[in-house]
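# Working through the structure, step by step
Letter by letter, the chains look like this.
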Amino acid sequence: MLERHHLAIIREVSRQGTLTEAANFLCLTQSALSHAIKKLEQSIETQIWIKEGRTLSWTQAGKSLLELAERILPQFEYAEELMQQYATGHRGNLRIGMECHPCYQWLLKTVSPFLDKWPNVDIDVKQKFQFGGIGALLSYDIDLLITPDPILQKGLHFTPVFDYELVLVVNNKHHLAREKTIEPEQLITETLITYPVTTERLDIFSQFLLPKNCMPHKHKTIETTDIMLQMVSAGRGVTALPSWLIDEYVERLSLSYVKLGRKGIHKHIYIGMRETDIAIDYIHDFMKQAKMKVLLNE
């Protein structure tokens, strides 16, 4: 019979790479681990993996169980963590996933009053997910997802929080700073600085450059907004960011921004959550404060 500890073993063998490392992580002997899987294989009458020396090859059945483990175990762990928090008087832990690099500044302004109001709720922010933001929501790795690109899926609910325009940011003395709008062809001689995200998820590429078969002369990636804008201010390149974010920097740095195309690139920021969590009081209040913070800043 398939039990939870079987799934835990299968997941850790995949994560750790060897039976020995998986056994050490799970505080088992390797023989106990192997015996548990052997007994499971006898029960389901099929092999989970094929062992050749130190190399493991997953069977189709093994791959299916691994996918199940990656989906189911986080839900068990989430429920156990929640029950432990209730037992110790701790209200909860709000885990926020970010698919919007520039939104950290906005999030900080929302988090501060929320923490004051909910002293028994902690906040954790995650940026990297094994199966993407949507997968992290569905597998209970995060509770909220902040994203400009929601994917409608059963069991998930997305609420629009605010809209923005993506603009090209340049040094004040850059020749493009004199333009009201620019076209993709005007960036083929430029160094474009972006966050370290795949180009298909960067709107400057997917909605502006690639439809016209244009590419920048160079493409550099930088993780932090502050350093990125320092580089632009120093004339080391150009970047594309929300106009509301640049408004907070123009007084401190030598920056200007220009419209991307005559129509511009307009986006929305959404907060996604599981439909089953909509009624949770502190999650509902976080959403309320997030919208209020946007209204106060307008």
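Everything below is about the structure shown above.
Residues numbered from 1 in each chain as written. Predicted model: local features only at pLDDT ≥ 70, side-chain atom pairs only at ≥ 80, totals over all residues. Heavy atoms only, no water.

## Examining the pattern of salt bridges
One pass over the structure, following the stated rule, counts 13 salt bridges. Taking the shortest distance from any N to any O, the salt bridge between E70 and R15 comes out at 3.6 Å. Separated by 55 residues along the polypeptide, E70 in helix α4 (residues 60–87) and R15 in helix α1 (residues 4–16) bring together distant segments of the chain. Exposure remark for R15: the relative accessible area of 45% places this residue in the partly exposed category. Here K117 and D285 are joined by a salt bridge, their closest N and O atoms 3.0 Å apart. Linking K117 in helix α5 (residues 104–117) with D285 in helix α10 (residues 281–297), this pair joins segments that are 168 residues apart in sequence. On the basis of relative accessible area, D285 is assigned to the buried category, the value being 7%. What emerges from the salt-bridge pattern is a single network uniting R11, E12, R15, E70 and E77. (Salt bridge = Lys/Arg side-chain N within 4 Å of Asp/Glu carboxyl O. Helix = DSSP H or I, 4+ residues; strand = E, 2+ residues; numbered from the N terminus. Buried < 20%, exposed > 50% of the residue type's maximum accessible area, 1.4 Å probe, protein only.)

## As for the state of the cysteines
Taken as a whole, this structure holds one disulfide when the rule is applied. There is a disulfide in this structure between C100 and C103, and the S-S distance comes to 2.2 Å. Across the S-S bond linking C100 and C103, the dihedral sits near 65 degrees, which makes this disulfide right-handed. On the accessibility criterion, C103 (1% relative accessible area) is buried. (Disulfide = S-S within 2.5 Å.)

## Remarks on the nonpolar core
Core analysis: the largest hydrophobic core is formed by 33 residues, its most contacted members being L187 and I204. Mapped by element, the contributors of at least two residues to this core are β6 (156–171), β8 (191–194), α7 (203–209), α8 (225–233), β10 (238–242), α9 (243–246) and β11 (255–260). Among the elements that line this core, the one with the most residues is β6, at five residues. Apart from the residues lying within four places of it in its own chain, the contact partners of L187 are L168, L176, I182, I204, F208, L209, M215, P216, H217 and V238. Membership of the second largest hydrophobic core comes to 27 residues, among which are I96, W118, I146 and V161. (Core = buried A, V, L, I, M, F, W, Y, C linked by side-chain atoms within 4.5 Å. Contact = heavy atoms within 4.5 Å.)

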